[in-house]
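The primary structure of each chain is shown beneath.
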Amino acid sequence: MHAGHVLVVEDDDAIRRLLVEYLQVRSDLRVDSARDGAEALHRVKYRRYDVIVLDLLMPYMSGVDFLSSLHVLNIGSDDEPPAVFIVTGASQSDVPAEALEQNFRRFVRGVFRKPLDFVMLARCVEQALLPR
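Just so we're clear, the structure is a prediction, and the values are computed from it rather than from any experiment.

(A) Structural detail: helix 1 (residues 13–26). Taking 1.5 Å of rise per residue, 14 residues should cover 20 Å, and helix 1 covers 20 Å from first to last C-alpha, within 8% of that figure. Looking only at helix 1, the buried set comprises Arg16, Leu19, Val20 and Leu23. Burial along helix 1 is one-sided: seen end-on, the buried residues are contained in an arc of 95°. Where helix 1 is buried, its residues touch strand 1 (4–9), strand 2 (29–34), strand 3 (51–55) and helix 5 (118–128). The distance from a side-chain oxygen at the start of helix 1 to the backbone nitrogen of alanine 14 is 3.0 Å, and the residue carrying that oxygen is aspartate 12.

Shown next as structure tokens:
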């Protein structure tokens, strides 16, 4: 696996710190973080990320709003879009994974429910970084 650049977007400080630390320890990754979708959007305007780990329910700008904005930013771009892994405390009935994967198929590579399986999430991040 090549080194990659990951952005963790999570409003819960403890979960955000755990995700950043866990991903940095497991792999040769550069991991940045953002507290909400607005801060994340600012970061993606100025830096290219290979993978984004994105919470859905956040203040200021939700994960869905962030994905919509990311879509607009990537219209007409020849660059490979970042792989997005959703993390959410919402149930499958409230937020169906299939709907997210269908509506944002260019980005969303998986949906993880809280409490998170950190090992599986890290494996998926690593898999997304493998050359295609």
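That covers the picture; the talk isn't over yet.
(B) Spotlight on helix 2 (residues 37–46). Along helix 2, the residues classified as buried are Gly37, Ala40, Leu41 and Val44. Down the axis of helix 2, the smallest arc covering the buried residues is 100°, so these residues share one side. Exposed and facing more than 90 degrees away from the buried side of helix 2 are Lys45 and Tyr46. For helix 2, the capping residue at the N-terminal end is aspartate 36, with a side-chain oxygen 3.0 Å from the backbone nitrogen of alanine 38.

(C) Representation of the nonpolar core within the structure. Within the largest apolar cluster, 25 residues are counted, with the highest numbers of intra-cluster contacts made by Ile52, Leu54, Phe66 and Ile86. At the level of secondary structure, the elements contributing two or more residues to this core comprise strand 1, helix 2, strand 3, helix 3 (63–74), strand 4 (83–88), helix 4 (97–103) and strand 5 (108–113). Discounting residues that sit within four places of it in the chain, phenylalanine 66 has contacts with Gly37, Ala40, Leu41, Val44, Ile52, Leu54 and Met61. Within the second largest apolar cluster, 18 residues are counted, among which are Leu23, Leu29, Val31 and Val87.

(D) The arrangement of the pairing of strand 4 in detail. In terms of residue burial, strand 4 counts as a mostly covered element, since six of its six residues are buried. Burial along strand 4 is two-sided: the face carrying Ala83, Phe85 and Val87 and the face carrying Val84, Ile86 and Thr88 are both buried. Summarising the sheet, strand 3 and strand 4 pair through five bridges and their orientation is parallel. Within strand 4, the position partnered with aspartate 55 by the bridge is valine 87.

Calculation rules
- Residues numbered from 1 in each chain as written.
- Predicted model: local features only at pLDDT ≥ 70, side-chain atom pairs only at ≥ 80, totals over all residues.
- Heavy atoms only, no water.
- Helix = DSSP H or I, 4+ residues; strand = E, 2+ residues; numbered from the N terminus.
- Expected span 1.5 Å × (residues − 1).
- Buried < 20%, exposed > 50% of the residue type's maximum accessible area, 1.4 Å probe, protein only.
- Arc of directions from axis to C-beta.
- Contact = heavy atoms within 4.5 Å.
- Polar contact = N/O pair within 3.5 Å; in protein donor to acceptor, adjacent residues only side chain to side chain.
- Core = buried A, V, L, I, M, F, W, Y, C linked by side-chain atoms within 4.5 Å.
- Pairing = 2+ DSSP bridges.

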